[in-house]
Amino acid sequence: MKKRTLALMLSAALCVGMLAGCGGGDTGSANTPAGNTGSPAVTESETPDDATTELTGTVVTNGSTSMESVMGSLTEAFREVQPGIQVQYTGSGSGAGITSAQDGTADIGLASRDLKDDETGVKAITVAKDGIAIIINPENPVADLSVEQIAQLATGEITNWSEVGGNDAQVVFIGREAGSGTRDGFESITGTEDACKYQNELTSTGEVIANVASNPNAIGYASLSAVDDTVKAITVGGVAPTEETVLDGTYAIQRNFNFIVSDSAELSDAAQAFIDWATSADAADLIAGAGAVPVAE
């Protein structure tokens, strides 16, 4: 009997020990910090507020050929910011760009001039400033002209280069077609509206540059952002056309590069995202690199 009682006591003691051991293991696990098992998952509320929302869609832009370099830089870089958005550019002139914004065939019209009083239903958003360079053939010895002399050369009041310090040769004045923003800007600033005597009226900035480059007696005008070393950009009143002189206003012949959008219809999210980015400080270096002057700081 004593043996049986002793066996029962030993068995009970063993069970108590086992239960105590199990309870101790559970307690240790419960007290282990959750962070020690790895990084916690990021929740939606912890997502940074400035994270870019990814969008998709196509943005149709149409207009000024003078803005081609700027638009090329902007669209290429924007593809990195919003890879799901395709921005299309067609160079058809500022007048056509404004019309396309009015009739809705483009999300954004492009105009290298300001809107006229009769161009209604749209508004302009300035993305950059541009100097209109006065260009001559590199063989021409003339280096500087006043705004008044430029106007006289354009209207035919001065017909020979020798009258302004050049060679004894007939002046060949070349410019853009009617409706061009570059032409409108040039004529407005020089006061030569409807008075210029054009030898050639061309449909793109590139054609003007090519014609001046091939004719030693030619003079024309072109967007500063498009000028290359095939022509010579002269100083105007002693001031060279540069980013600094355009921005500070000392260069006399300059104009705005504008996005033209409807003043009533709402833009698509994709078009609004492109405009917001292109007019921000993030795009300033790209605009400057394309030869224009950014307005965003």
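With an unreviewed UniProt entry as reference, the chain is termed Phosphate ABC transporter substrate-binding protein, source organism Candidatus Flavonifractor intestinigallinarum. Of the chain, the UniProt comment under Subcellular location (unreviewed entry) reads exactly: "Cell membrane".

### Focus on unusual backbone geometry
Of note, D194 is a non-glycine position whose phi angle comes to about 60 degrees, a positive value. Assignment of secondary structure puts D194 in the loop between α5 (181-190) and β7 (200-202).

### Structural notes on the pattern of salt bridges
With the rule as written, the count across this model stands at six salt bridges. The salt bridge involving R176 is made with E177; its shortest N-O contact spans 3.0 Å. There is no split in this pair, since R176 and E177 are both buried. Overlapping salt bridges bring together R183, E187 and E201 as one network.

### Concerning the packing of helix α2 (residues 68-81) against helix α8 (residues 269-278)
Here α2 crosses α8 at 115 degrees, and the two axes come no closer than 11 Å. What the angle tells us is that α2 and α8 run roughly perpendicular. Seen along the crossing, α2 lies across α8 with a hand that is right-handed. Residue-level inspection shows M71, L74, T75, A77, F78 and V81 of α2 in contact with α8, the latter providing A273, F274, W277 and A278. Of the residues belonging to the contact of α2 with α8, the class tally is nine nonpolar, one polar and no charged.

### Describing the pairing of strand β4 (residues 122-136)
Alignment of β4 against strand β11 (residues 254-262), held across nine bridges, turns out to be antiparallel. Following the sheet pairing, A124 is matched in β11 by I260. Pairing analysis gives two bridges linking β4 to strand β12 (residues 293-294), with the strands arranged antiparallel. Counted as the bridge partner of K129 is V293 from β12.

Analysis parameters
- Residues numbered from 1 in each chain as written.
- Predicted model: local features only at pLDDT ≥ 70, side-chain atom pairs only at ≥ 80, totals over all residues.
- Heavy atoms only, no water.
- UniProt positions renumbered as here; feature names shortened; annotations may be inferred.
- Helix = DSSP H or I, 4+ residues; strand = E, 2+ residues; numbered from the N terminus.
- Salt bridge = Lys/Arg side-chain N within 4 Å of Asp/Glu carboxyl O.
- Buried < 20%, exposed > 50% of the residue type's maximum accessible area, 1.4 Å probe, protein only.
- Axes fitted to C-alpha atoms, helices over the stretch in contact; angles between N-to-C directions.
- Parallel < 35°, antiparallel > 145°, perpendicular 65-115°, else oblique.
- Left-handed = near helix turned anticlockwise from the far one by under 90°.
- Contact = heavy atoms within 4.5 Å.
- Nonpolar A, V, L, I, M, F, W, Y, C, P; charged D, E, K, R; others polar.
- Pairing = 2+ DSSP bridges.

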